[in-house]
Amino acid sequence: MREPEVGKGVPAVVRHLKARGNYVPFNTNGTLLRPKKGRGLNDAGLDEMRVSLDAAEAKAFKLVRGRDWFDRIVRNVREFAELKAQLGATNPRLSLWLTGLRETLAQLPDFIRLAKDVGVPEVHLQRLVHFDDAPIGLARPESSLFEKMRAEEAEYLKTAEAIAAELGVFFDASGAAEPEASLKRTEGYKPWSVCRRPWTLMYFTAHGRAIPCCIAPFSMRGYGAFTLGNASQESLREIWNGPGYQSFREALLSDKPPSACAGCGLRWSL
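On a predicted model such as this, the values are computed, not experimentally measured, just so you know. (Residues numbered from 1 in each chain as written. Predicted model: local features only at pLDDT ≥ 70, side-chain atom pairs only at ≥ 80, totals over all residues. Heavy atoms only, no water.)

Caption draft 1: The packing of aromatic side chains, seen in detail. Overall, the coordinates contain 2 aromatic pairs when judged by the stated rule. When the ring of F61 is compared with that of F70, the centres are 6.1 Å apart and the planes differ by 55°; the resulting orientation is tilted. In this structure F61 comes out as buried when scored by relative accessible area, which is 1%. With 5.2 Å between their ring centres and 50° between their planes, W240 and Y245 make a pair best called tilted. Classification of W240 as partly exposed rests on a relative accessible area of 24%. Positioned above the aromatic ring of W240, the side-chain terminus of R249 is 4.4 Å from the ring centre. (Phe/Tyr/Trp six-rings, centres within 6.5 Å; stacked < 30°, edge-to-face > 60°. Buried < 20%, exposed > 50% of the residue type's maximum accessible area, 1.4 Å probe, protein only. Lys NZ or Arg CZ within 6 Å of the ring centre and 35° of its normal.)

Caption draft 2: Broad picture of the pattern of salt bridges. Taken as a whole and judged by the stated rule, the model has 7 salt bridges. Notably, a salt bridge pairs E122 with R93, separated by 2.5 Å at the nearest N-O pair. Within this pair, whereas E122 is found in strand β4 (residues 122-127), its partner R93 is found in strand β3 (residues 93-100), the two being separated by 29 residues in sequence. A residue is classified by how much of its surface remains accessible, and E122, at 9% relative accessible area, is buried. The class of R93 is partly exposed, set by a relative accessible area of 34%. (Salt bridge = Lys/Arg side-chain N within 4 Å of Asp/Glu carboxyl O. Helix = DSSP H or I, 4+ residues; strand = E, 2+ residues; numbered from the N terminus.)

Caption draft 3: Inspection of helix α1 (residues 10-18) at higher detail. Every buried residue of α1 is listed here: V10, P11 and V14. The buried residues of α1 occupy an angular sector of 100° when projected down its axis, which confines them to one face. (Arc of directions from axis to C-beta.)

Caption draft 4: Structural detail: the sheet that holds strand β1 (residues 25-28). If you trace the 5 strands from one edge of the open sheet to the other, you get β1-β2-β3-β4-β5, paired in parallel fashion. Two strands in the sheet have a free side with no partner beyond their single neighbour: β1 and β5 (170-173). Mean inter-strand twist for the sheet, computed between neighbouring axes without regard to direction, equals 25°. As judged from the 4 bridges shared by β1 and strand β2 (residues 48-52), these two strands associate in the parallel manner. Note that in β2 the partner of F26 across the bridge is M49. Packing of helix α5 (residues 108-118) onto the sheet brings it into contact with β3, β4 and β5, and relative to β3 it is tilted by some 165°. (Pairing = 2+ DSSP bridges. Axes fitted to C-alpha atoms, helices over the stretch in contact; angles between N-to-C directions. Contact = heavy atoms within 4.5 Å.)

Caption draft 5: Inspection of helix α6 (residues 151-167) at higher detail. Over its 17 residues, α6 extends 24 Å from the first C-alpha to the last, a length consistent with the 24 Å expected when each residue adds 1.5 Å. Among all positions in α6, only E153, A154, L157, A160, I163 and A164 are buried. On its buried face, α6 sits against α5, β4 and β5. (Expected span 1.5 Å × (residues − 1).)

Encoded structure:
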């Protein structure tokens, strides 16, 4: 999935949402985060910026992302952190994200050090999203660490946690889990049961389809099984309180979750 980039219209969207009392996060790969655009986002009142970097050096970044953009992104993030410091701004909250891959987990300790060096106070480990039947690049079962972590890989995590504590960098896994815990199955494992997105958030495709979360399109083929309404035909209130959302929420609380959620926490994180 291609991540949204910083464009001319984004600050306007942020201002629109902030004027209505919303908490506004933004995900980016950082390639276009130049000072002018960074200042625009800061001035608009952005609450949180999450930068997907996925490696601690250029060679590994190119292996994961297929592009030679590592140095550009690191420069952009450093400049944005410096801008925040110059302005004395506490927001947006700034974090770096690394997808846990068998090929790159050894870089995690250096990833923590990199975050400290460029002025980013948070690092988050993201579990790999992949299709079993249609791998894309490194998004494949053999690259996944969930339930398959080796002893040396567990050591990388422990080392990273120790370095983060020493440097004062906050470090956890997506879903607010401890990094190692996020890669293990627990007893009575029903990861979908703690998801509250259908009660707190709405997600829409560019064509107006209401879907339960941003991961749903990766969980199964076709939108029919998890489309909860259509904004081109109904109001947001009608969709939110309509039968699609109601039945979806009911199923999510049961032992038989919707098909789009049944693999949540197994092949991807909450």
